[in-house]
Amino acid sequence: MYYVSTRDKSLRCTASEAIQQGLAADGGLMTPEVLPKLSHNALDTMREMSYQQRAVYVMGSFLEEFTASELSSFASKAYGGGKFDAKQVVPVRQVDGETYCLELWHGPTCAFKDMALQMLPHLLTASLVKNQEDKTVCILVATSGDTGKAALEGFRDVDRTRILVFYPKDGVSAIQQLQMCTQEGGNVGVCSVVGNFDDAQTGVKRIFSDEALREQLAGRGYFLSSANSINWGRVLPQIVYYVSAYCDLLRDGHIQKGDKINVCVPTGNFGNILAAYYAGEMGVPFGKLICASNSNNVLTDFLKTGVYDRNRTFYNTMSPSMDILISSNLERLLFALSGHDDALVRGYMAQLNQTGRYEVEEPIRRQLEKRFAAGFCDDAETQKVIGKMWQEHHYLIDTHTAVAFDVLEQYRRETGDRTPAVVASTASPFKFCDNVLGALGVTRTAEGTAVLDQLSGLTGVPVPAPLAGLKDKPVRFRQSVEREHMVDQVLEMLR
Ligand SMILES: *Cc1c(COP(=O)(O)O)cnc(C)c1O
């Protein structure tokens, strides 16, 4: 099976090449040429499997160059060995008669990014071997919080890799900053950038396109790659948990074979909900995919009208991982819905680049309407939902997950569609203690890591071990640079 660029189908490569490169040479996203279908009894077959076995089953059909025993070994390293604090890895929790919550945050950094970033390093290093690449890969990450820590934890002390994370100096939560700056491992680096997330991201993009730097690093035995969700190696492991959720509901008798379920996903870069779309295309009976946004509601408008327009106010919200106006992975959906029309996608992306706006053609708009629903929710409403969920169900959720619950409720009110629905829960509430405490009526929050105990004390919910351990860890990284000097950090690390 081959992968092609969304902007030029003649750029074709194998899975291992796609994972190694991260991005296609023309700036497009590498995407499967043909999406594999699940066989008619696959969901039955997977019912009694462990999460790790399901991962091998689902990922295998996309990765012909990898043997089942290779993939089994990756899956047990990524999701086994006590790395996740739930035996099922991704438990499905029933909230009420027709609502389920897929808890994606039981991994080492307490956010759903672990699901992909625990797997990616294994896929990537095996790809280097398959492609006889003898240089060491250096992963550069610009993060608004969750990706940086998850990537550091995934790549730490992985052979033949280095990782350097840049985060905006004043743009991440106190807990997130502490998580990154106390990172262990001999191959890791962390540095803050004066400015906001866009400054960090622009700086990283500039480093990637610096030809002279590329040559200089090659001379030292290094090449640069990305762990952002444009890399196919991040989307693929996410398909698994949607298939797995359906299998769990079948196994536990909540649904019967063939029953449809809806899925609601708190969305930023469109990676997570895209994985749900692919799972549906493979044959999992999904009804509507409900895209939930915060006040940065560019996707809500797009899915309702077919017009994508990023020319609007940017808001810093309580769900910062969804504060984004350019959702990169939407490009893969446009490629799919247009019947792989690369010229059309290339045109839309050029317009987005030049004017910040494009409008899709009628046939694509109709398909969007058929498969997707969308809505958004502001900060005040987000906190209300957290409070209500705690009072009515004794269930503590984070700000991102709260956005999804609110949008699901709006959808049900507007349409009357009461199909059972799974909400993707993307972070532990303990990553966003201040706003969660605020939602529970606390006006004065503790300083530093004491806020973890404050939330735990109030609710009786234990602090996840990786966060509880933060207070004893020494801070290893304190560097801060101006955007112009990010490249010096790269050269310093790869001396
Ligand atoms: C990254 C992230 C999201 C957004 O996911 P996308 O794949 O970018 O749409 C939502 N919630 C949390 C907690 C995240 O870390």
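Preceding this paragraph is the structure being described.
**Here's the deal with the sheet that holds strand β7 (residues 161-168)**
Item 1. Across the sheet, five strands lie side by side as β9-β6-β7-β8-β16; this open sheet has parallel pairing. At either end of the open sheet lies a strand with only one pairing partner, and these are β9 (222-226) and β16 (480-481).
Item 2. Pairing analysis gives five bridges linking strand β6 (residues 136-142) to β9, with the strands arranged parallel. If you follow Cys-138 over to β9, its bridge partner there is Leu-224.

**What about the environment of Gly-460?**
Item 1. Within the fold, Gly-460 resides in the loop between α20 (450-459) and α21 (465-468).
Item 2. Spatially, the C-alpha atom of Gly-460 lies 45 Å from that of Leu-224, the residues being 236 residues apart in sequence.

**Here we look at the site of the ligand**
Item 1. The environment of the ligand is made up of 15 residues, and the closest members are Lys-113, Asp-146, Gly-268, Asn-269 and Thr-426.
Item 2. The side chain of Lys-113 places a nitrogen or oxygen atom 2.6 Å from an oxygen atom of the ligand.
Item 3. Contact distances for the ligand include 3.4 Å between an oxygen atom and a side-chain N or O atom of Ser-321.
Item 4. Contact with the protein chains removes 96% of the 380 Å² of surface that the ligand exposes when unbound.
Item 5. Broken down by class, the residue content of the shell around the ligand amounts to five nonpolar, eight polar and two charged.

**A few points about the sheet that holds strand β15 (residues 421-425)**
Item 1. Sheet architecture is open: six strands sit in the order β4-β5-β15-β10-β11-β14, paired in mixed fashion. Every other strand in the sheet has two partners, leaving β4 (92-96) and β14 (372-376) as the edge strands with one partner each. Taking the axes of each pair of neighbouring strands and ignoring which way they run, one obtains an average angle of 25 degrees across the sheet.
Item 2. The pairing of strand β11 (residues 286-293) with β14 spans five bridges and is parallel. Paired with Leu-289 across the strands is Phe-372, a residue of β14.
Item 3. The sheet contacts of helix α13 (residues 298-305) involve β11 and β14, and relative to β14 the element is tilted by about 145 degrees.

**Regarding the side chain of Ser-229**
Item 1. Within the element layout of this structure, Ser-229 appears in the loop between β9 and α11 (232-251).
Item 2. According to the relative accessible area criterion, Ser-229 is buried, its value standing at 10%.
Item 3. A distance of 3.4 Å separates a polar atom in the side chain of Ser-229 from a polar atom in the side chain of Asn-269.
Item 4. Ignoring sequence-local partners within four residues, the contact set of Ser-229 consists of Arg-234, Val-235, Asn-269, Asn-329 and Arg-332.

**A look at the packing of helix α17 (residues 379-393) against helix α18 (residues 399-415)**
Item 1. The N-to-C vectors of α17 and α18 enclose an angle of 90 degrees; their axes lie 8 Å apart at closest approach. Accordingly, the angle class assigned to the pair α17 and α18 is roughly perpendicular. Here Glu-381, Thr-382, Val-385, Ile-386 and Met-389 of α17 lie close against α18, whose contacting residues are Thr-399, Ala-402, Val-403, Phe-405 and Asp-406.
Item 2. Taken together, the residues that form the contact of α17 with α18 break down as six nonpolar, two polar and two charged.

**Structural notes on the pairing of β7**
Where a strand is regular, its side chains alternate between the two sheet faces.
Item 1. Counting buried residues in β7 gives seven out of eight residues, a clear majority hidden from the surface.
Item 2. Direction of pairing for β7 relative to strand β8 (residues 188-193): parallel, over a ladder of six bridges. For Val-165, the partnering residue across the bridge sits in β8 and is Val-190.
Item 3. In this view, the connection linking β7 to its parallel neighbour β8 by way of helix α8 (residues 174-181) has right-handed handedness.

**Description of the pattern of salt bridges**
Side-chain pairs of opposite charge can arise whenever the charged atoms involved come near each other.
Item 1. According to the stated counting rule, one finds 24 salt bridges in the structure shown.
Item 2. For Arg-156, the salt bridge identified is with Glu-153, shortest N-O distance 3.5 Å.
Item 3. Overall, the relative accessible area of 16% leaves Glu-153 in the buried class.
Item 4. Close ionic contact of Arg-251 with Asp-248 constitutes a salt bridge, the shortest N to O distance being 3.3 Å. Taken together, the residues Arg-251 and Asp-248, both in helix α11 and three residues apart, mark about one turn of the helix.
Item 5. Taken together, the shared-partner salt bridges connect Lys-149, Glu-153, Arg-156, Glu-184 and Lys-473 into one network.

Each value, and the rule that gives it
Residues numbered from 1 in each chain as written. Predicted model: local features only at pLDDT ≥ 70, side-chain atom pairs only at ≥ 80, totals over all residues. Heavy atoms only, no water. Pairing = 2+ DSSP bridges. Helix = DSSP H or I, 4+ residues; strand = E, 2+ residues; numbered from the N terminus. Near = heavy atom within 4 Å. Polar contact = N/O pair within 3.5 Å; in protein donor to acceptor, adjacent residues only side chain to side chain. Areas by Shrake-Rupley, 256 points an atom, 1.4 Å probe, with all protein chains shown as cover. Nonpolar A, V, L, I, M, F, W, Y, C, P; charged D, E, K, R; others polar. Axes fitted to C-alpha atoms, helices over the stretch in contact; angles between N-to-C directions. Contact = heavy atoms within 4.5 Å. Buried < 20%, exposed > 50% of the residue type's maximum accessible area, 1.4 Å probe, protein only. Parallel < 35°, antiparallel > 145°, perpendicular 65-115°, else oblique. Right-handed = clockwise from strand over helix to strand, strands pointing away. Salt bridge = Lys/Arg side-chain N within 4 Å of Asp/Glu carboxyl O.

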